[in-house]
Structure formats: C-alpha cells, structure tokens
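The residues making up each chain are set out below.
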Amino acid sequence: TMLVGILKMCVMAMMQCVAAAAAAGTTTIVVGGWQAHDAETTTQLLAPIFQDYLTEQVGNTMSPPAKFVFRPVDINDATDSKDLIIKGELDMLYTTSGSVACKAAQFGWVPIATQRNIVESSVIGCDALVVYSLKNNTAITKVDDLEGKTAACGFLFSGTSYYQGYQLLFEHGILLFHDMNQVRFYGPDYEGAFQAVLSGEVDIGFAPSSWLTKNHEKELPLLRILDKKEGLTYEGITYPGVASSLTPSDGVVVSSKFGWQLKRKIVEALQRLNASHPAMKELKLAGWTNAANYASALTALEHAGVVYEDDAGKKRCRDAYEMKDIFMSIQCPGDHYKVPYDVAARQCEVAGLACPPGVICFCQPCVAKPKNIFSWEVVVGLCAALYGVGLFYLALGPLRERGRGYIPRAATSDDGLE
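Residues numbered from 1 in each chain as written. Predicted model: local features only at pLDDT ≥ 70, side-chain atom pairs only at ≥ 80, totals over all residues. Heavy atoms only, no water.

Draft legend 1. Spotlight on the overall build of the chain. Assigned secondary structure in the chain consists of 14 helices and 19 strands. The burial tally for the chain puts 42% of its 418 residues in the buried class. Taking as baseline every contact in the chain between residues at least 6 positions apart, the subset at least 24 positions apart corresponds to 70%. Accessible surface computed for the chain: about 22200 Å², of which carbon and sulfur atoms make up 58%. (Helix = DSSP H or I, 4+ residues; strand = E, 2+ residues; numbered from the N terminus. Buried < 20%, exposed > 50% of the residue type's maximum accessible area, 1.4 Å probe, protein only. Contact = heavy atoms within 4.5 Å. Areas by Shrake-Rupley, 256 points an atom, 1.4 Å probe, with all protein chains shown as cover.)

Draft legend 2. Quick peek at the layout of surface pockets. For the largest pocket, the calculated volume is near 470 Å³. Gln35, Tyr190, Trp211, Lys214 and Asp250 are, among the 30 residues lining the largest pocket, the residues nearest its centre. The set of elements that each furnish at least two residues to the lining of the largest pocket consists of α4 (97–107), β4 (110–119), α5 (159–171), α7 (209–215), β13 (245–248) and α9 (278–283). Residue contributions to the lining of the largest pocket peak at four residues, all from α7. A per-class count over the lining of the largest pocket returns ten nonpolar, 15 polar and five charged. (1 Å grid on protein atoms, 1.4 Å probe; cavity = no way out; pocket = protein on both sides within 12 Å on 5 of 7 lines; lining within 4 Å. Points joined across faces, edges and corners; volume = space filled by probe spheres on them. Nonpolar A, V, L, I, M, F, W, Y, C, P; charged D, E, K, R; others polar.)

Draft legend 3. The pattern of salt bridges, seen in detail. Considering all chains together, one arrives at six salt bridges under this definition. Here Arg316 ties to Asp310 by a salt bridge, and the two come within 3.0 Å at their closest N and O atoms. Given a relative accessible area of 21%, Asp310 falls into the partly exposed group. (Salt bridge = Lys/Arg side-chain N within 4 Å of Asp/Glu carboxyl O.)

Draft legend 4. Geometry of the nonpolar core. Membership of the largest hydrophobic core comes to 31 residues, with the highest contact counts inside it found for Phe50, Leu54, Met92, Val252, Ile266, Leu270 and Trp288. The dominant element in this core, judged by the number of residues it contributes, is helix α2 (residues 39–57), at seven residues. Apart from residues no more than four positions distant in its own chain, Leu270 is found in contact with Ile49, Phe50, Tyr53, Leu54, Ala113, Val252 and Trp288. (Core = buried A, V, L, I, M, F, W, Y, C linked by side-chain atoms within 4.5 Å.)

Draft legend 5. Examining the packing of α4 against helix α10 (residues 295–303) more closely. The interhelical angle for the contact between α4 and α10, taken along N-to-C directions, is 85°, at an axis separation of 8 Å. The angle between α4 and α10 places the two elements in the roughly perpendicular class. Residues Ser97, Gly98, Ala101, Cys102 and Ala105 of α4 lie in contact with α10, whose contacting residues are Ala297, Leu298 and Leu301. Class assignment of the residues belonging to the contact of α4 with α10 gives a composition of six nonpolar, two polar and no charged. (Axes fitted to C-alpha atoms, helices over the stretch in contact; angles between N-to-C directions. Parallel < 35°, antiparallel > 145°, perpendicular 65-115°, else oblique.)

Draft legend 6. Geometry of the side chain of Ser133. Mapping Ser133 onto the fold places it in strand β6 (residues 126–134). Since its relative accessible area comes to 0%, Ser133 is described here as buried. Leave out the neighbours within four places in its chain, and Ser133 touches Ile140, Val197, Asp203, Ile204, Leu222, Leu223, Arg224 and Leu226.

Draft legend 7. The arrangement of α4 in detail. With eight of eleven residues buried, α4 is to be regarded as a mostly interior element. Gly108 lies just past α4 and shows a positive phi near 75°.

Draft legend 8. Geometry of the packing of aromatic side chains. Counted under the stated rule, the structure contains five aromatic pairs. A ring pair is formed by Phe50 and Trp288, whose centres lie 6.0 Å apart and whose planes are at 90°; its orientation type is edge-to-face. In this pair, Phe50 is assigned in helix α2 and Trp288 in strand β15 (residues 285–290), connecting sequence segments 238 residues apart. For the pair shown, Phe50 and Trp288 are each scored as buried. Plain terms: the ring middles of Tyr132 and Phe194 are 6.0 Å apart, the flat faces sit at 45° to each other, and that makes the pair tilted. One end of the pair, Tyr132, is in strand β6; the other, Phe194, is in helix α6 (residues 190–198), with 62 residues separating them in the sequence. Its relative accessible area of 1% is what places Phe194 among the buried residues. (Phe/Tyr/Trp six-rings, centres within 6.5 Å; stacked < 30°, edge-to-face > 60°.)

Draft legend 9. Structural detail: the pairing of strand β2 (residues 66–72). Here β2 shows a clear split, with Ala66, Phe68, Phe70 and Pro72 buried on one side and none of Lys67, Val69 and Arg71 buried on the other. Note that the unit made of strand β1 (residues 27–33), α2 and β2 has a crossover that is right-handed. (Right-handed = clockwise from strand over helix to strand, strands pointing away.)

Draft legend 10. A look at the pairing of β6. Most of β6 sits inside the fold, with nine of its nine residues counted as buried. The two faces of β6 match: Cys126, Ala128, Val130, Tyr132 and Leu134 on one face and Asp127, Leu129, Val131 and Ser133 on the other face are all buried. As defined by bridge partners, β6 adjoins strand β9 (residues 204–208) across four bridges and the pair is classed as antiparallel. Across the sheet, residue Leu129 finds its bridge partner in β9, namely Pro208. (Pairing = 2+ DSSP bridges.)

Draft legend 11. Examining the side chain of His216 more closely. Here His216 lies in the loop between α7 and β10 (223–226). Other than its neighbours up to four places away in sequence, His216 contacts Glu191, Phe194, Gln195 and Trp211.

Pasting the structure below:
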C-alpha cells in the first residue's frame, strides 16, 4: 500500500512537471493592429490573420511553439502603441506607413512586410492622398481656392488624412490653423470626415484614395478631386487612380529582438495569403510583399515635426496624446504669433467647441500680430522725448522736496506692487 501511494505521488509530480514545462515552453507574441474602425471591428477584421493564421502557420512550427495574440491599438490614449512598446506589451505591429516609420526611427523596430492594395482592379503596394470636395461646390475648383475654407481630417497623425494634406496646402502657400474652425478632426474613422463633406458641413476632405474606392465607389461621381495628378508611379507601377501624392501602404513592423528565421517565417506566411482568402476579402487586400522603403513617410513626418531629435540626438516620435509637443509643432504664418499653450488649451472650451474623443484640439493657436499705428521713426522719437522729460523731472526732485515736508508711506497695490 505504501509503495502504491509513493508511485501515485511520483506520477502526479511528473504530470505537474510536464504541465509546467509545457506552459513555460509556450511563447506568446503580442501583435498590435490598427484599422479605421472601433476596437471591436478592428479585432474582427485583423485577428483572423494576425492571431489565428499566424499561430497556425508560424507559431505551431516553432520549438517551443508560439501563440500569436492580437490586440487593437491606437484607438484611444489607453491603447497608444508607443506607450505599449515602452511598457514591453507589444512585440509586433500592423499599422499605417507613418506609424511604421515612427517605430523604426525611435525603437529600432524592423519593417518586414507591406500590404498590396486593390485599386480599380489593379494591385499596387502604395496608398494615395486625395483632396476632395463636392462638385456642386462651385467656389472650389482648384487647390488655390482653399484659402479660408474648412477641412475635414481623419485623425491628427494620419499621413493620408492629415499630414500629406497639410504638406500639399503648405506648398500652395496655404497654412492650416488660421482660424479655430478651419480644421476639424473626426477621429480614426475616415467616415465621419467623408460624411461632413457630403453634407456640406465642411468644404474639403483628406482621405486615402483606396479607402474611398473601397467604401464609397457609388459616391465618387459626386466628388471633385483637387490637385489631381495622372500617371504617378510607385516602384515602376503606374497608379491607376487619381491622386495628389503616393505613400507606401500599411505594413508590419516587428521588435528588434526577433531573429531572422522568425521574421522570414512571418513574411513567407503573409505572402501565401492572397485576395481569395476570407480574411483578405474582408480587408479587400490583394496580398503582401517584402517591406517597402518607408523613408518618404519618415521625411514627411520630420517636416511636420512628428519625428524629432532629442537633446541626445536620438530620434523620437510624438504620439497623439502629447499635447504640448503637438502644440509646439504648430507653425504660425509670419504675420501671426502663437498664443501661450495654457491659453490655446482652453480656447476650444471658451468658444463652446467640443473636441471628438481621442483627438487633441487647439482652437486659434495663431493670432494676428497688431499693426503699428506709427512708423518706427516716430515711435523712437517719442520714446526719446519722454525719456528726456523724465530725467528733467528727477533732477528737480530735491528742489521740490525742500519746500514742503516729506512723509514716507508704505507701498500699496495702487503703486503697482503686491
């Protein structure tokens, strides 16, 4: 009986050891992903690829096996991908070209794959900015007509729904933020910005052309594409649609701790996906290639002040929730000055303007400089005359005091002192 008890104890101990070893040997790879949707929809679209498919095709072939776990990111400040990387809670990321460039610049993460989009039945590995208005808005027929108009943007750190549009207008001598109502952000979902233009609430919108093609093909005849360029090429392929500028498509970037074999397995698995796969059909994607060169996205972000160098010369990428850093990146025209940060941060509330959730808003951060009433010569002359009068008055002080008793008094707030 004692021997049987000892054997049972040994068997139970061995089973616990095996279970512990199995648990310890299972690697978890957390994959963050972003789409222009809410967290639930983003998970429904991306988890079949970046969790289920990669676990089956890559994780199960590893030793020890690995499980890919998907989580939506960059939906709000609590899911900011930069903060999650700093906390060590992300290993891999599927995101926009600008975010890929940021993660590579700041953290040394490695871009490994770029998606291929379907645009007018053609397959190409880039996305395009379109600036659009309604055709029946006859006051706008070209980019130069946009001075003083209202613009609908998706979200503050999107290349094709903000920064490329900012650059385009800047090149035409048009600066945003002239007026608190000129630029309106509608959050990560481009749909809000599109509907605002369609309803006439705002004059123009910025959006990725592939998004417009996928989601609003029927409404395209109602739109006028501004600064329309034909024949733009990307990697030797002519872009089939109309666009103002091109940028690499969304991509996958991984932590620098990933070995080359793991990176190769992930890329090869993604390349086996094509437009016929159910998950790819949902995303309306054609496939995947090796990572594109995201240098152009990085250059645009540096120009806009999103990527900058700190005092140590290390590249840093701002995120959508660093309010003061965003405020510092706003450039005012020469005849305007920037109000103090604390003032700009309160002006939206004072004006009764609500800021959409997850978006940073500044209202009228740039104010026109007051114009001089007199020329500088007149101003200098008056100052010199007043200075001379003041010296003469001080020189007479002792003579004036001899004729009357002088009683000192304590300084009060009336004297300008507190």
